Amino acid sequence: MTAPPLDTRSSVRAHAAIRTERGPGGRTRLETLRSDPPLTLRQTGPDVVHLVSTAAGPLGGDRLVLDVAVAPGTTLEVRSIASTLVLPGPCAADSVMLVTARVGAGASLRFVPEPTVLAAGCSHRVAVRLSLARDAAVFWREEIVFGRHGERPGRCRSRFDAVVDGTPLLRQELVVGEPAMDGSPAVYGTARCVGSTLVTGYGAFPAMHNHGDGPPRGEHAQAGAPESAPRRAVLGDGCAVLPLAGPGVLVSALADDAVQLRERLQWGEALAAP
Amino acid sequence: MGAHHDDRHDAPDGHDRALRLGIGGPVGSGKTALVAALCRGLGPSMRLGVVTNDIYTTEDADFLRRAGVLDPERILAVQTGCCPHTAIRDDIAANLDAVEILEERFGPLDLVIVESGGDNLTATFSRGLADAQIFVLDVSGGDKVPRKGGPGVTTADLLVVNKTDLAPLVGADLAVMARDAQAVREGRPVLFTSIREDGGAPGVAEWVSGVVHSWRHRHGHAHDHADGPGPDGSGEIPVTVDRA
Amino acid sequence: MDAALLLLADSRLPAGGHAHSGGVEEAVRVGAVTGPDDLARFLRGRLATAGLVAAALAAAACELGSSVIDAAAPARRRPADLASESTGGGPERTGGPPEPIALWRRLDAEADARTSSPAQREAARTQGRLLVRTARRIWPSPVLETLAGAVPEGAHHPIALGAAAAAAGCDPGQAALAATYSSVTGPATAAVRLLGLDPVTVHRLLADLAPSLDETARAAHTAARPERGAADPESRWTPHPDGEGTADPDLADPGFAGDAWWAALPAAAAPALDLLAENHLKAGTRLFVS
């Protein structure tokens, strides 16, 4: 089944931006808060911004860009009011959401929007490009729901690139709605949602203190010898807390619904960033 | 350019490295017990490492660690993907890797024992992996086993027939086994043992010791022990029963 | 070098591959793979994710490996190099060849960033180390020497595979094909052993997948080749989707030849494979390394 487009507007381009700076007394101040409908931003706290969707969508053909810059020593939290429902549009083109974020030395960014729901027939692309200073603290959650209740999802490719001081930390692309992925026990299994949270710089998870998987080479030699194995993952039901090779941890979860997904991610997040 | 690797372990001529001893044989014949006995017997005079290939992963390694015969870190387990013979004969890369890790971590070593996963009578070690090999049978398989031969029984440098204490119970005639083994092995040595009853395998340890000494002699391995004469697996040891 | 490709991809290549199930052992243990149907879905998904990423990395590694060979062997320099020489570039290419050690590490870091599961990284490095060990003796080459020097604990398997392909005289497209091939054949064989499946049935599944293996390898190769990637915006839309003033210098460091392209290589994730790999390590009984 294909959901019809909800309105007849033509595709839109929007470019919103958030930029912090150090204000008096070292407090964070929002230097820039530029909305560009449908990407509407509202400051809801000293260093909290909510993304308020002021139109349906994104729809096919839309191209939305959000630039985030967190200045050294400042903090920012970005949330959203509601889930993002991605719909097919009047034209066949993909909807595109691009988020770039730069997080400076000693800065902290929490990016925790509500889930993205892929409605039937949508064709969506997301790109997140995150560039961090080595000691930046980032907590970045991404949740994708494969269609509304009982609905087959449209297509989505969501690419995430995080680079720390120029060295790649995490590059992953979640692809939904392709025949090869659907129902594959290797990809999502029977799950209806996928989510991950990247955590860097919080320092509490023991793995965070390691940089790289670390020779001596013997460490790698024995998959079967627990005593020589560094940096083990922590496992929960449908969820894993994965120490990355670089300075960060990825919480990765699969779930049957959005509520379960959030529970699983939060379980792992508590371990990664207590 | 700029590569700081060390090729010495890739050299198949065995110059300046430990002797690699393969121990193979069917499931349950007592390979792991023999390895434990050798560690006990040789540990005080030799620098040892052990690689196990048990299909149940770390089962053998755990047994050896619990037995306390060797520093647990000197025991590595290799998974063989359901194909124990492949890992010691056709694709020895993982075992070589494990051997080299032991040599790198604890070297120089005198002896690295590679215990194969339990397999059938056709399983033998590649010469690329083992410099010498022992094949372990037990009497409970019946006294016809040596006659059947197979590469393990016929070509191993030493054939060990274990669990001789069970011979009367299973109706196995040790004399028949000795005669048949001799016939198919063209003079290569055979030892009869009861590791459990004797609490060790001194005869096998003595044989291994001799092989290690002659290995050192041939390959100029730097060591702090005197070279002993001893057998080198070329047939000096006759069929004997391993009892003091 | 088609015959060399066959040797490289052959499961009989003594490089330890037989002991890796690519997640199948755990999938069988938890009941996610029980027979030919779910095995087929498993393999298809694995190919589209881990297989695609491995193929792209292998192609990039082969490309890099070939440049190492070219730099090391003046007799085999390409016309472009000779041209630069005639314009006063000296015996080496203009500006000198890129430092292979740094480039191997950089490419290996790209593989690390695409492998969030520590268990998978460990398995990939173990397999890579064994492959380099074996390939160095079969196809001696500065490619493998520089790689072994750059990542002595073991490069990720796809990178080792690409380097071995270059050493064997294969081209990057062939390296990609070897990677897609091994991304499904190893797991398929493991399923035959673990479930006692009819091997002919499973080979039929692989034959059905063959067009996808070709197609995935082509896509990976395209992504790994700058000149072709540029002509195909589809393959690299992410780093520069339509400009919009979002060019990221971190993703396009001009200091390294391959860098910008490596950043944009496919990165398809398989969360279920990650979970399987991690759970597999914790399982009491394991017949396979991974």
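Rules of the game
Residues numbered from 1 in each chain as written. Chains lettered and ligands numbered in written order. Predicted model: local features only at pLDDT ≥ 70, side-chain atom pairs only at ≥ 80, totals over all residues. Heavy atoms only, no water. Helix = DSSP H or I, 4+ residues; strand = E, 2+ residues; numbered from the N terminus. Polar contact = N/O pair within 3.5 Å; in protein donor to acceptor, adjacent residues only side chain to side chain. Contact = heavy atoms within 4.5 Å. Buried < 20%, exposed > 50% of the residue type's maximum accessible area, 1.4 Å probe, protein only. Pairing = 2+ DSSP bridges. Salt bridge = Lys/Arg side-chain N within 4 Å of Asp/Glu carboxyl O. Phe/Tyr/Trp six-rings, centres within 6.5 Å; stacked < 30°, edge-to-face > 60°. Lys NZ or Arg CZ within 6 Å of the ring centre and 35° of its normal. Axes fitted to C-alpha atoms, helices over the stretch in contact; angles between N-to-C directions. Parallel < 35°, antiparallel > 145°, perpendicular 65-115°, else oblique. Left-handed = near helix turned anticlockwise from the far one by under 90°. Nonpolar A, V, L, I, M, F, W, Y, C, P; charged D, E, K, R; others polar.

Caption draft 1: Focus on the side chain of S141(C). Residue and element names in this part refer to chain C. Here S141 shows up in the loop between helix 6 (118-138) and helix 7 (142-150). Here V143 takes part through its backbone nitrogen, which lies 2.9 Å from a polar atom of the side chain of S141. Not counting residues within four places of it along the chain, the set of residues in contact with S141 comprises I69 and A167.

Caption draft 2: Structural context of the environment of R141(A). Residue and element names in this part refer to chain A. Relative to the elements of secondary structure, R141 occurs in strand 12 (residues 137-145). Each C-alpha atom, one on R141 and one on S252, is 9.8 Å from the other, the two residues being 111 residues apart in sequence. Discounting chain neighbours no more than four positions away, the residues touching R141 are F111, V112, P113, S196, T197, R262, L265, Q266 and E269.

Caption draft 3: Here's a closer look at the pairing of strand 9 (residues 108-112) of chain A. Residue and element names in this part refer to chain A. Of all the 5 residues making up strand 9, 4 are buried; the element is thus mostly covered by neighbouring parts of the structure. Two strands pair when backbone bridges link them, and strand 6 (residues 75-80) and strand 9 are joined in this way by 5 bridges, in the parallel orientation. Across the sheet, R79 pairs through a bridge with V112, a residue of strand 9.

Caption draft 4: Structural detail: the pattern of salt bridges. All names here are of chain A. Taken as a whole and assessed by the stated rule, the structure comprises 35 salt bridges over all chains. Where R141 meets E269, a salt bridge forms, and the shortest distance between an N and an O atom there is 2.9 Å. Of this pair, R141 sits in strand 12 while E269 sits in helix 2 (residues 258-272), and the two are 128 residues apart along the sequence. Grouping residues by exposure puts R141 and E269 together as buried. Between D237 and R264 there is a salt bridge whose closest N-O contact spans 3.7 Å. Here D237, found in the loop between strand 16 (234-236) and strand 17 (239-243), pairs with R264, found in helix 2; they are 27 residues apart in sequence, far enough to count as distant. For R264, a relative accessible area of 17% corresponds to the buried category.

Caption draft 5: Just the packing of aromatic side chains, in detail. All names here are of chain A. This structure, assessed with the given rule, holds 3 aromatic pairs over all chains. Each ring, one from F146 and one from Y188, has its centre 5.1 Å from the other, and the planes form 65°; the classification is edge-to-face. One end of the pair, F146, is in the loop between strand 12 and strand 13 (155-164); the other, Y188, is in the loop between strand 14 (167-176) and strand 15 (193-200), with 42 residues separating them in the sequence. Accessibility classification places F146 together with Y188 in one group, the buried group. A cation sits over an aromatic face here: R110 above F139, 4.2 Å from the ring centre.

Caption draft 6: Fine view of the packing of helix 6 of chain C against helix 8 (residues 157-167) of chain C. All names here are of chain C. With their axes 7 Å apart at the nearest point, helix 6 and helix 8 run at an angle of 20° to one another. With respect to their mutual orientation, helix 6 and helix 8 come out roughly parallel. Helix 6 and helix 8 meet at a crossing whose hand is left-handed. Along its contact with helix 6, which presents A124, Q127, G128, L131, V132 and A135, the element helix 8 presents H157, A160, L161 and A164. Looking at the contact of helix 6 with helix 8 residue by residue, the classes come out as 7 nonpolar, 3 polar and no charged.

By themselves these figures say nothing about function.
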